[in-house]
Amino acid sequence: MLPFSQFDRHGRLRHLITLEGFSAEQIRELLERAQHFLRRPGELAARGHALAGITVGNIFTEPSTRTRSSFELAARRLGADVINLEIMLSSRVKGETVLDTIYTLQAMAVDVFVIRDAEPGVGQFVAEHVAEHVSVLSAGEAHLSHPTQGLLDALTILQFKGGFRDLVVAVVGDVRHSRVARSAYQVFTALGVGELRIVAPDALMPEPGEMPGAKRFGSIEAGIAHADVVMMLRIQKERMADAAIPDPHDYFARWGLNRARLKLARPEAIVMHPGPMNREIEIAGEVADGPQSVIRQQVTNGVAVRMAVLERVIQNRNLRRDAR
Ligand code: NCD
């Protein structure tokens, strides 16, 4: 078997499991397209027909409201049918294997699988087994990858800062357990970020050698000083052995982003968070809701980015079909 590729034999995007190896060009092209799907507040949401006749299956084995709704709205607004499965509640517990489930859904003409799983490798495994016309998109894989989140984070920074070259971007908190941080690292690096900082207590730092090129900081004060972008992460309690779970009060006191600390960053710095937020643990409510927060814009951008990705893989599927 050929080594796994997210691209078809013409080099066009077919699956999206990771942003690793994406060029700046490939990323910019998706982000430019996403920009077309944004509307001003109060205007009707963007719609299209690119997914007319297509069926999207959302398979989420971890709880998620926002990413699932975001993919669902993106697909519906482009004309797709959508089916949502929480597989732990359905076939897995009845002993059906992942592939049985996938082949069953494929037999019902599901064309795109959107998969979130706590186990590494599920998305790629499915992608290696589906029919040629089918695409697999990751909606979050273990602690490893969350590609559409990385794209929406990059889009948000471009909207507010115009480019990456001169920026200091600080990624703060539970970097170790964060797929959001890993995808952010990949996409910001590909786009040529000026300085990327990872800012975390020792226990929440990734392994040495991971995220080469990023500067490591062991205190939030030093880590966000003069930053242009402060990207906070959720404490991933579900991925920590009990012993590693910091006391919420202590954590907020030492690592929480409050108003006083935010003053250390550049005055025009933006504050990001992928959600769901633990208010008064990693971020103060008044910062999350404050004038520098772009957290809701991230959510808006999420739908646009997912529309762009869905549209692209379906266009590429049509090109493969027409070439036959
Ligand atoms: C993130 C996730 O689930 O990976 N959230 C999200 O996709 N909206 C971040 C997180 O849960 O910390």
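Residues numbered from 1 in each chain as written. Predicted model: local features only at pLDDT ≥ 70, side-chain atom pairs only at ≥ 80, totals over all residues. Heavy atoms only, no water.

**Topic: the overall build of the protein chain**
- Of the regular secondary structure elements, the protein chain holds eleven helices and nine strands.
- Taking 2.2 N^0.38 as the reference for a compact globule, 324 residues should give roughly 20 Å; the C-alpha atoms of the protein chain span a radius of gyration of 20 Å, in line with that estimate.
- Principal-axis analysis of the C-alpha atoms places the extent of the protein chain at approximately 60 × 40 × 40 Å.
- A burial count over the protein chain gives 55% of its 324 residues as buried.
- Partitioning the contacts of the protein chain with sequence separation of at least 6, the portion at a separation of at least 24 is 76%.
- Of the roughly 14,600 Å² of accessible surface on the protein chain, a fraction of 53% belongs to carbon and sulfur atoms.
- Of the side-chain charges in the protein chain, 39 are positive and 38 negative, and the distance between the mean point of each set is 4 Å. (Helix = DSSP H or I, 4+ residues; strand = E, 2+ residues; numbered from the N terminus. Rg over C-alpha atoms; globule rule 2.2 N^0.38 Å. Buried < 20%, exposed > 50% of the residue type's maximum accessible area, 1.4 Å probe, protein only. Contact = heavy atoms within 4.5 Å. Areas by Shrake-Rupley, 256 points an atom, 1.4 Å probe, with all protein chains shown as cover. Lys, Arg positive; Asp, Glu negative; His and termini not counted. Charge placed at Lys NZ, Arg CZ, Asp CG, Glu CD.)

**Some details on the environment of M307**
- With respect to the helices, strands and loops of the structure, M307 is situated in helix α11 (residues 295-323).
- Along the primary structure M307 and R77 are separated by 230 residues, whereas in three dimensions their C-alpha atoms are 8.1 Å apart.
- In this view, M307 contacts F37, A46, A74, R77 and L78; residues no more than four positions away in its chain are not counted.

**Looking at the side chain of Q186**
- Within the secondary structure, Q186 is located in helix α6 (residues 179-190).
- In terms of polar contacts, Q186 uses its side chain to reach the backbone amide nitrogen of E20, at 3.4 Å. (Polar contact = N/O pair within 3.5 Å; in protein donor to acceptor, adjacent residues only side chain to side chain.)

**Looking at the packing of aromatic side chains**
- The final tally for this structure, using the stated rule, is two aromatic pairs.
- Ring centres of F7 and F22 lie 5.5 Å apart, and the angle between their planes is 50°; on these two criteria the pair is classed as tilted. One end of the pair, F7, is in the segment before α1 (24-36); the other, F22, is in the segment before α1, with 15 residues separating them in the sequence.
- According to the relative accessible area criterion, F22 is buried, its value standing at 6%.
- Taking the centre distance of 5.4 Å and the plane angle of 35° together, the rings of F164 and F188 count as tilted. With F164 in the loop between α5 (147-161) and β5 (168-172) and F188 in helix α6, this pair connects stretches of sequence that are 24 residues apart. Accessibility assignment for this pair places F164 and F188 in one class, buried. (Phe/Tyr/Trp six-rings, centres within 6.5 Å; stacked < 30°, edge-to-face > 60°.)

**Points about helix α2 (residues 66-77)**
- In a regular helix each residue adds 1.5 Å, so twelve residues correspond to 16 Å; α2 covers 16 Å between its end C-alpha atoms and thus fits that length.
- Buried residues of α2: T67, S70, F71, E72, A74 and A75, and no others.
- Packing partners of the buried residues in α2 comprise β1 (55-60), β2 (81-85), β3 (112-117), β4 (135-141), α5 and α11.
- Immediately beyond the C-terminal end of α2, within one or two residues, lies G79, with a positive phi of roughly 95°. (Expected span 1.5 Å × (residues − 1).)

**Side note on the sheet that holds strand β8 (residues 229-232)**
- Across the sheet, which stays open at both edges, the five strands sit in the order β7-β6-β5-β8-β9 with parallel pairing between neighbours. If you trace the sheet from one side to the other, it starts and ends with β7 (215-217) and β9 (270-272), each paired once. Averaged over all pairs of adjacent strands, the angle between their axes in this sheet comes to 20°, without regard to strand direction.
- Pairing geometry for β5 and β8, over four bridges, is parallel. Counterpart to V171 in the pairing with β8 is M231. (Pairing = 2+ DSSP bridges. Axes fitted to C-alpha atoms, helices over the stretch in contact; angles between N-to-C directions.)

Geometry only, nothing functional implied.
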